[in-house]
Amino acid sequence: MTSSTAGPARADAAEPPIGRAAEAARIAGHLRTVGHPSTAGHPRTTPPAERGLLVSGAAGIGKSVVLRHAADQARERFRVVEAAGSPAEQAMPFAGLNQVLRPLMMSGLPIPAAPSAALAELFGESDGTADGASCVRAADATVRVLAGVAAARPVLLLIDDVHWLDEASQRVLIAASRALTAEPVALIAAGRTGRGGPFFEAGLARICLEPLTETASRAVLQQDGGLPAGARLERVIRMAAGNPLALVELARAWAARPDPLGGPAAADPLTARLRAAFADRLAGLSGRARDLLLVAAVHDDDRIPVLAEMAAALASGGDDRDRIGEAAGEAIGDVISEMIGDAIRPAEDRRILIRLTGSPTASGPAAAAPERIVFAEPLLRSVVLDSEPLVRIQTAHAAVAACLGPDDDRTLWHHAHAVVGPDEPVAAALESAAAEAAAGMDFAAAAVLAERAAELTADHNVRASRLLAAAAHCEELGRRDVVGRLLAEAARGPLGLVDRARAELLTLDLGDGADDPAVIGHLRALALATASVGEDALGWELLAAAALRAWRADPGPAERGRIVETADQLSVPTGDRSRPDPRRLFVMAMADPVGHGAEVLSALAAISAEDLAAAEPRAVAAWGMAARAVGDHARAAELLGRAGDGLRAQGRHGRLALVSAMQAGALVADGEFVRARAVAEETLRLSESTGQPMWQAGALTVLGLVDAVRGDFAGATRIADELAQDPVAFGPSLVRSLICQIRGVALMAAGRHAEAYPILRQAFDTESAAYHVSGRISALGHLAETAVHCGAVPDARAVVAAMAEVHRSAPAPSLRAQIAVAEAFLAEEAQGAQVCEAALAVTGLPVFARARIELVHGRWSRRNRLVAASREPLASAAAAFDRLGARYWAERALAELGAAGERGADGRPVSGPGTGAVRNAALESLSPQERQVALLAAQGLTNPQIGRRLSIAHRTVSSHLARIFPKLGITSRGQLAGRIGGDGMDGAADPAEVEP
């Protein structure tokens, strides 16, 4: 490859490669000194080595990209000459020099004839050798040619892959670079770390490319358009270890194959480019070295004596235990020295495959003694496995199993990968091990074991059952990408009733037809059928799925009644009857929140602290969602926050998006807008990473409502339009009801009450597609307030009266609060004070509801000349709205307060934002994840605790905080609470997370 070009740099070449800004700046600074008037034509005082730069790094680390950027930046001032070494020409003397000079010699530039002729003769007569004399002649001619070309325009030589450039060309180019001290000629070469040769021995100034940071790695994937989702993304970033080529190629390789579950024997897929980049690392290794690498690749123990014994067993066939022990100690040092780079042998002079480490528990001199080996780069493990035939890998697993012995738990896994073809005894043992792992909440191991059990199973029905078990474990992990593949494999033949029910339940968890009324009825019937054959637990799961979808879609009272009837026919698990069964409570609340609301509320109130401490997170989540359905939003937010923390701790991400969406919905319905927004933003991230678009819609409705109450008409309308155009989101009536509320509140906050009222009214019309039995509750106060401004008070009073009748049978706290707000707005003028005082006396009023009543009360008092009495409720309301971020109401309360004669420090009537608005403005300057990090840090959580809460690395938390502080104008963590408040999200850290 060669080119000689001049001219303007490309318009898109201004930005340095991702993560390489410092290196690009150093190269740019180096080039500024070449051909500068202060140096051109005059003897240089800088060392000759600085005439050239060597960019070094591992294969795929981005050396070529850095050189291309240098070329693009230099073309405006330099004549750029590019060339590259290649394995095919490495043994051909002057092949690389020919690449560099021949285009210049044939370009028509004014080059002296004598050196051109000498070079042409040299290139033509080479017989495969290059003696010292020919190199001297070549160097002299090269200097004269380059000096002639540089007289008209500075020259930049860019030589890539110099480790493959023939030695003669390397010596000539180095000599020419040193000789051209007074000429505007620069040389930048790039070569692979670990190789020798003249360029590496010449003492050139060195730029060593290090692996990219995690942030830069994600940016590279985003730029390439191959950003994987969920677990794929994290694995690609982990295995690539900051290598740009590995990042891009691994992402493409994963995109082209089904998602695996991983496990001790799994290897990452490799593309042709990755194989080419790493293949030479294994070339020329001895058989013993390859044996050691292979057992290290298939086994998870990195101790040198253990791996040496296993490698010896692999070499001997594992038959003679005494001979294995002797062989394990023979020449292990020589074997390791083939692959190592450490303090004894400089890394750049060796082929680095492994690194030695001391004992992880030792200290002092003992820690320096090498006891363990690890692969120098994570991807090398996959390279080793990819390079070996299957029979060798199976033999290695057998050798490892033989060395471990029957009492080691890992023996089963290796034995399972050593067998060829179906093996029912091994498969049954794997199935049992998977069940034990799941009982211990190790769902990742359970999924891997169950899938391998299925692979070794011949009978279709048994195989399908094991595949479905693996899929269920993956669902717990949030690996819906793998769930779909396992379901497809299980469905290759007929399934029995129970397995068909399990498969349909998992399919619905993927969102297929989730809220279709026909699907709801089918799930209900399937629940009865599975329970009739003794599968009560599965029956309850199916009925719970039907009830959840009934709550979202509201198929009508008849179908909801049938779900309740089915629940009465299923057996309730025996046990502690004093504690409400979460599954039954969930079904009753979701299917019939009005008819069974009182029963559910009473049962929820009876849950004790001891019950909560003893309950499993999914049970707590069921209680929390039941509370959400029947309108006990404060209790719902508390329970769902607790359940989310428990699910995170157990690694059960499959339900996190649902739990988070429910919590965000409860918070926004309760008027906790700042907290709701933070949780909704986390829900978006969770639902995207786990592939659950139905919960993305729930998060977006919350964000739309928050924008509406903040007075952001454009933002709220944009979200409502997005939801209305999404067929997945727009199907359920709950979402339609909330879309109406987003639009209605946004119009109300814009002062367009006549437009807002009919939109909000749809939520209460049983014939409307936006009608929802639970969703309508949070619209009641807005409907009443809008009615006052557009002459619709009689109609609104009729709606409030109807909702009061609902409250008599289902005394939900949220409905009682909304009725209190609505009655305050709609009260007759003469009864205003009395109605407001009665409303304020309602126990358990949410802060937002109380502030709205106080606003009405204060305004009534001011209008009736009770000016002094109006100030206290108005001030209280203004402070509450300000803290909650309810900008529309905060401005109205401040205006009323100013009209009541309240003065600020400057003597003027109070108006404008308060401290809460300033805090909200500070939060607005942050990205969604920065906002979550800031709110958690303000509560006192440590970086590791925040990382666990948000499923990010603690180093990423540190990076976020480093960006957050300048944006907020603070310099320390202790200033966060004062800047944004410490009550933005759920309380303190879980006691289990507190660090010493």
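Note that the structure is a prediction, hence the values are computed from the model and not measured.

Trainee: Please clarify how the overall build of the protein chain should be interpreted in this entry.
Mentor: Of the regular secondary structure elements, the protein chain holds 51 helices and 8 strands. Looking at the protein chain as a whole, 54% of its 996 residues qualify as buried. Across the protein chain, contacts joining residues at least 24 apart in sequence account for 68% of those joining residues at least 6 apart. Approximately 40600 Å² of the protein chain is accessible, and the part contributed by carbon and sulfur atoms is 55%.

Trainee: Honestly, the nonpolar core in this entry has me stumped. Any pointers?
Mentor: Most often, soluble globular proteins have nonpolar side chains that are buried together. Ranked by internal contacts, the top residues of the largest apolar core, which has 114 residues, are I563, V587, M590, W623, F881 and W889. When residues in this core are grouped by element, the largest group, 12 residues, is from helix α26 (residues 536-553). What V587 contacts, discounting residues up to four positions off in sequence, is W540, L543, A544, A547, I563, A567 and D592. In this structure, V236, L270, A297 and A313 belong to the second largest nonpolar core, which totals 54 residues.

Trainee: Please explain the packing of helix α41 (residues 793-809) against helix α42 (residues 813-826) as it appears in this structure.
Mentor: In helix packing, the relevant descriptors are the interaxial angle and the interaxial distance, both defined with respect to the helix axes. Look at α41 against α42: their axes get within 10 Å of each other, and the N-to-C directions meet at 155°. Considered as vectors, α41 and α42 are oriented roughly antiparallel to each other. The interaxial crossing formed by α41 with α42 has left-handed handedness. Only L815, R816, I819, A822, E823 and L826 of α42 make contact with α41, whose side of the interface consists of V793, A796, R797, V800, M803, A804, V806 and H807. Tallied by class, the residues present in the contact of α41 with α42 amount to 10 nonpolar, 1 polar and 3 charged.

Trainee: Whenever I open this one, the pairing of strand β2 (residues 52-57) confuses me. Can you help?
Mentor: Along a regular strand, successive side chains alternate from one face of the sheet to the other. Of all 6 residues in β2, 6 are buried; the element is thus mostly enclosed. Side chains of β2 alternate between two faces, with G52, L54 and S56 and L53, V55 and G57 buried alike. Across 6 bridges, the pairing between β2 and strand β5 (residues 185-192) is parallel. Bridge pairing links G52 to L187 in β5. Bridge count for β2 against strand β6 (residues 205-208) is 4 bridges, and the pairing is parallel. What sits directly across from V55, in β6, is I207.

Trainee: Any chance you could explain the packing of helix α29 (residues 597-605) against helix α31 (residues 617-630) here in plain terms?
Mentor: Between α29 and α31, whose axes approach to 10 Å, the crossing angle comes to 140°. Here α29 lies oblique to α31, going by the angle between them. Crossing of α29 over α31 shows left-handed handedness. Every residue of α31 that contacts α29 at G597, V600, L601 and L604 is listed here: W623, A626, A627 and V630. Within the contact of α29 with α31, the residues separate by chemical class into 7 nonpolar, 1 polar and no charged.

Trainee: Looking at this model, I keep getting lost on the packing of aromatic side chains. Mind explaining?
Mentor: Where two aromatic rings form a pair, the distance of their centres and the angle of their planes describe that pair. On inspection of all chains with the given rule, the structure shows 5 aromatic pairs. Arranged with centres 4.9 Å apart and planes meeting at 80°, the rings of F673 and F848 form a pair that is edge-to-face. Here F673, found in helix α34 (residues 673-690), pairs with F848, found in helix α44 (residues 847-863); they are 175 residues apart in sequence, far enough to count as distant. For F673, a relative accessible area of 4% corresponds to the buried category. Centre to centre, the rings of F848 and F881 are 5.9 Å apart; their planes meet at 75°, and the pair counts as edge-to-face. Here the residue F848 occupies a position in helix α44, and F881 occupies one in helix α45 (residues 867-884), the gap between them amounting to 33 residues.

Trainee: Which parts of the structure should I look at to understand the pairing of strand β3 (residues 79-84)?
Mentor: With 6 of 6 residues buried, β3 lies mostly within the body of the structure. Of the two faces of β3, both are covered, the one formed by R79, V81 and A83 as well as the one formed by V80, E82 and A84. Here 6 bridges tie β3 to strand β4 (residues 155-160), and the two strands are oriented parallel to one another. What sits directly across from V81, in β4, is L157.

Trainee: Mind showing me how you'd approach unusual backbone geometry here?
Mentor: What you tend to see is this: most non-glycine residues have negative phi, and most peptide bonds are trans. If you check the backbone angles, M441 has positive phi at about 65° while not being a glycine. What makes M441 partly exposed here is its relative accessible area of 29%. Phi angles above zero are rare outside glycine, and D554 is one such case at about 50°. Its location among the elements puts D554 in the loop between α26 and α27 (557-569).

Trainee: Explanation requested: the pattern of salt bridges in the structure shown.
Mentor: Here the idea is simple: oppositely charged side chains can pair when their charged atoms come close. For the coordinates displayed, the defined rule picks out 46 salt bridges. For R75, the salt bridge identified is with D72, shortest N-O distance 3.7 Å. Here D72 falls in the buried class, since its relative accessible area comes to 6%. When the shortest N-O distance is used, the salt bridge between R677 and E681 registers 3.3 Å. Remark: E681 and R677 occur in helix α34; sequence separation between them is 4 residues, near one turn of the helix. Take E681: its relative accessible area is 9%, and that puts it in the buried class. Each of R290, D291, E388 and R392 takes part in a single network of salt bridges with overlapping partners.

Trainee: Any chance you could explain the confidence of the model for the protein chain here in plain terms?
Mentor: In regions of low pLDDT, the predicted coordinates are not meant to be interpreted in detail. For the protein chain, the mean per-residue pLDDT works out to 81, and 81% of the residues sit at or above 70. Across residues 37-49, confidence stays below pLDDT 50; counting only partners more than four residues off in sequence or on other chains, it has 14 contacts.

Trainee: Is there a simple way to think about helix α40 (residues 780-790) in this case?
Mentor: Of all 11 residues in α40, 8 are buried; the element is thus mostly enclosed. Inspection of α40 places L780, G781, H782, L783, A784, E785, T786 and A787 among the buried residues, and these make up the whole buried set. For α40, the secondary structure elements touched by its buried residues are α38 (733-749), α39 (753-761), α41, α42, α44 and α46 (887-899). The first or second residue beyond α40 is G791, which carries a positive phi of 75°.

Trainee: Just checking my understanding: could you explain the environment of G671 for this structure?
Mentor: For G671, the location among the structural elements is in the loop between α33 (656-669) and α34. The class for G671 is buried, based on a relative accessible area of 0%. Distance from G671 to A849, taken between C-alpha atoms, is 7.4 Å for residues 178 residues apart in sequence. In this structure, G671 is in contact with F848 and L884, ignoring residues within four places of it in sequence.

Criteria and cut-off values
Residues numbered from 1 in each chain as written. Predicted model: local features only at pLDDT ≥ 70, side-chain atom pairs only at ≥ 80, totals over all residues. Heavy atoms only, no water. Helix = DSSP H or I, 4+ residues; strand = E, 2+ residues; numbered from the N terminus. Buried < 20%, exposed > 50% of the residue type's maximum accessible area, 1.4 Å probe, protein only. Contact = heavy atoms within 4.5 Å. Areas by Shrake-Rupley, 256 points an atom, 1.4 Å probe, with all protein chains shown as cover. Core = buried A, V, L, I, M, F, W, Y, C linked by side-chain atoms within 4.5 Å. Axes fitted to C-alpha atoms, helices over the stretch in contact; angles between N-to-C directions. Parallel < 35°, antiparallel > 145°, perpendicular 65-115°, else oblique. Left-handed = near helix turned anticlockwise from the far one by under 90°. Nonpolar A, V, L, I, M, F, W, Y, C, P; charged D, E, K, R; others polar. Pairing = 2+ DSSP bridges. Phe/Tyr/Trp six-rings, centres within 6.5 Å; stacked < 30°, edge-to-face > 60°. Salt bridge = Lys/Arg side-chain N within 4 Å of Asp/Glu carboxyl O. pLDDT = per-residue confidence, 0-100.

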